[in-house]
Amino acid sequence: MTTPSSPPVAATTPVDGPCTPRAAHGALRPLPFDAVRLSADGMLGAWQERNRTRVLPHVLERLETSGVLDNLRVTAGRAERQFRGFNFADSDLHKTLEALAWEAGRVPDDQPWEEFVGAAVDLLAAAQRDDGYLYSHVQLTAPGTELTALRWSHELYVLGHLLQAAVARARTTGRTDLLDVATRFADLVDTRLGPDGAEGYDGHPEVETALVELYRLTGERRWLDLARRQVDLRGRGLLGSGPFPPAYHQDHVPVREATEVTGHAVRQLYLLAGVADVAAETGEQVLLDALVRLWESAERTRTYVTGGLGARHKDESFGDAHELPPDRAYAETCAAIALVHWAWRMLLLTGESRYADAMERTLVNAVPAAVGLDGRSFTYSNPLQLRTGHDGTDEYHPSGRLDWFACACCPPNLARLAASLHAYVATVTDDAVQLHLYAAGDVRVPDDGTVLRVRTDYPWDGRVEVAADPGGTPLVRDLVLRVPGWADPAAVTLTVDGAPVPLDVRGGRVTVPASPGAPVRTVVLDLPMPVVALTPHPHADAVRGCVALRRGPVVWALEQADLPDGVVLEDVAVVAGAQPLDGPPTPALGVPVGVRVAGVHRPAADAPPWRASGTVPVPPDLADGTPLELRLVPYHAWGNRGPGAMRVWLPVAAAGAGRRDDGPDDRTDDHGSSAHDAGTAPLPRCGPDGTAVR
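None of these values were measured; they are calculated from a predicted model.

**Digging into unusual backbone geometry**
Part 1 of the argument: Residue P243 follows G242 across a cis peptide bond; omega there is -5°.
Part 2 of the argument: Relative to the assigned elements, P243 resides in the loop between α10 (221-233) and α11 (265-282).
Part 3 of the argument: With an omega of 10°, the peptide bond running from Y458 to P459 counts as cis.
Part 4 of the argument: Counting through the fold element by element, P459 comes out in the loop between β7 (450-456) and β8 (463-468).
Part 5 of the argument: Positioned with a positive phi, C19 is a non-glycine residue whose angle comes to about 60°.
Part 6 of the argument: Note that C19 resides in the segment before β1 (29-30).

Okay, here's the thing in structure tokens:
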């Protein structure tokens, strides 16, 4: 029989969300977890509702059918069967428990999963050894090897997710039952690997950020010290070698000396989120310098236009600088989620809007692409091109979304992020409140009694209205609004209490002054959203001669479903010089506006694999093809209308032999990433003789 979960104790007041620093070293502070409520008719709010009503029930069902819960039942002596799944399968449950905890804080009056959570906590407590150890794979398959094979065991990785779930539950419900279980395991690790124990760290970073979160909840300095010890030791080669190189495990160089992101993308990004947490609590400048240096490496040379990270299927890793193939993009879902975590921490540390820009790009493109509109199908890898006839039998590069995976780290990870999305919308300082993500909903400003009602159809429409509740207190501290990196500041307008005011953009932000003596009621920020063509960095060989289309922060994709019968996607190109425009909506995908651009169809099925020529030829003339209008859908919505080819980067067809073009302008997109804006789909760059050069 399942014992009931512990009665609630006084929850943290105010309720803290993910990553709420204790120290004051950062530039910004998070709002309380319950200070923001997203409207279900906005993109982020609708995503949260789908997560609650569809994703979470599906994840709970698959925890049972995949063997995750059975593994723990066997460990607890409640069942008999073989261990199933990957060795770190326990973490699927832990991430789900974290998601349910954030849901309990988001909708405290309706907690339909508390009985499940109570039973899961009881199961974990029953499976836990007397010394606190709790990891079903080792307990069932390799007893006696505890914390001795950290290169591959994932023991601290699993502990990290257990701690994060426990911290979230304690914060949002005041219940400490799961915290008691998680802390006993952490106590053992502190004894074995703390300052008086052996030197060791996990081959998969994650526990670092969890230990800092435990410190933030409890105030016990030893947890921060243990997290810092993990960071200090990493990179000394203690994990050994083979079969993967040390960089795969982030063990190739000490953190403070690293100069570029490398190795397994999720491991790298989880580590950097933990390093940012340590820096936020200690104020160490050397760590912050390393974080900024590695951010520059990731953002400028290794990030896909969608916000995805990790170019190689081999080792699930980063590639070389500008190695960003669209069809072979691994871009694991968990890497995009980890980027959001890291970017949020960098935003809190520095206050720089470029980190909010990166969060936005990832949250409207890479991350939502990983879950279908049905809420029951998911991607593990996220290519930017799916070829016609692609063999999708392998779950790591399928032809569409799947309902689960053998390695199921992504679906519960998506659930825990979606349940806490509202926590990333806004921050506060003593004299201002900052809006970073534009989404319909309400924002309660602490201490002032002000409730800001945000009304917007963002990211489909750039008009953002922020109004103090008519029946409440006006805004009496400055309002700081982000002017996204994709926006043209010269076209942005600002209205305060009905009067236009000059726009003074500094560091990607505009400040609306407000005070008790000069309160503000209504602010309207208007961000025009023309469709623009992005051209890649010249060193991004895989997409040279191509363009991607973006409208506002949303990146668009061409799908086979939107081409005429008989037209193969690979035979289509964008007309050079064409102006991309708004297009009709796609109601079936919940998309109120589309994107269209002139294209050309040139069948190539019978073409030889290559042709010989005595001179470098000019690109084919448009007269060689049939004109057609191309209609695109948001990348995050691709694959919801059945299987079929898709691509983000579209080849450009030259408008005639010898035509010249100056190439893309010198502006950099989103503070320096590997794409450039152009108002029209540009011609390929040409050499002195007018022939195209690559």
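**So, the pattern of salt bridges**
Part 1 of the argument: For the coordinates displayed, the defined rule picks out 56 salt bridges.
Part 2 of the argument: With a shortest N-O distance of 2.5 Å, R129 and E146 are connected by a salt bridge. Residue R129 is located in the loop between α4 (114-127) and α5 (136-141), and its partner E146 is located in the loop between α5 and α6 (150-153); the two are separated by 17 residues in the primary sequence.
Part 3 of the argument: Look at E146 and you get buried, because its relative accessible area is 9%.
Part 4 of the argument: Across the salt bridge formed by R256 and D232, the nearest N and O atoms sit 2.8 Å from each other.

**Examining the pairing of strand β16 (residues 554-559)**
Part 1 of the argument: Most of β16 sits inside the fold, with six of its six residues counted as buried.
Part 2 of the argument: Of the two faces of β16, both are covered, the one formed by V554, W556 and L558 as well as the one formed by V555, A557 and E559.
Part 3 of the argument: One ladder, built from two bridges, connects strand β15 (residues 546-551) with β16; its direction is antiparallel. Pairing of R551 across the sheet is with V554, part of β16.
Part 4 of the argument: Connecting β15 to the next strand, β16, in antiparallel fashion are two residues, including G552 with a positive phi near 60°.

**A short note on the nonpolar core**
Part 1 of the argument: Core analysis: the largest hydrophobic core is formed by 162 residues, its most contacted members being W342 and L479.
Part 2 of the argument: Considering every element that reaches this core, the biggest residue donor is helix α13 (residues 333-350), with 14 residues.
Part 3 of the argument: Those residues in contact with L479 that lie beyond four places of it in its chain are V433, L435, L452, V466, V510, T511, V512 and V523.
Part 4 of the argument: By size, the runner-up hydrophobic cluster in this structure holds 34 residues, among which are M43, V574, A578 and A637.

**Thoughts on the environment of V505**
Part 1 of the argument: Locating V505 in the fold gives a position in the loop between β11 (499-501) and β12 (509-512).
Part 2 of the argument: Residue class for V505 comes out partly exposed when judged on its relative accessible area of 28%.
Part 3 of the argument: V505 sits 16 residues away from P489 along the chain, and the two C-alpha atoms are 7.3 Å apart.

**Details of the environment of N51**
Part 1 of the argument: With respect to the helices and strands, the residue N51 is situated in helix α1 (residues 43-65).
Part 2 of the argument: Residue class for N51 comes out buried when judged on its relative accessible area of 2%.
Part 3 of the argument: Residues N51 and L417, 366 residues apart in the sequence, show an inter-C-alpha distance of 9.6 Å.

**A short note on the sheet that holds strand β9 (residues 478-482)**
Part 1 of the argument: Spatially, β1-β4-β5-β9-β12 is the arrangement adopted by the five strands of the open sheet, whose pairing is mixed. Since the sheet does not close on itself, it has two edges, and those belong to β1 and β12, each with one partner.
Part 2 of the argument: Here four bridges tie β9 to β12, and the two strands are oriented antiparallel to one another. Residue pairing across strands places L479 opposite V512, the latter belonging to β12.

Reading the values: rules and limits
- Residues numbered from 1 in each chain as written.
- Predicted model: local features only at pLDDT ≥ 70, side-chain atom pairs only at ≥ 80, totals over all residues.
- Heavy atoms only, no water.
- Helix = DSSP H or I, 4+ residues; strand = E, 2+ residues; numbered from the N terminus.
- Salt bridge = Lys/Arg side-chain N within 4 Å of Asp/Glu carboxyl O.
- Buried < 20%, exposed > 50% of the residue type's maximum accessible area, 1.4 Å probe, protein only.
- Pairing = 2+ DSSP bridges.
- Core = buried A, V, L, I, M, F, W, Y, C linked by side-chain atoms within 4.5 Å.
- Contact = heavy atoms within 4.5 Å.

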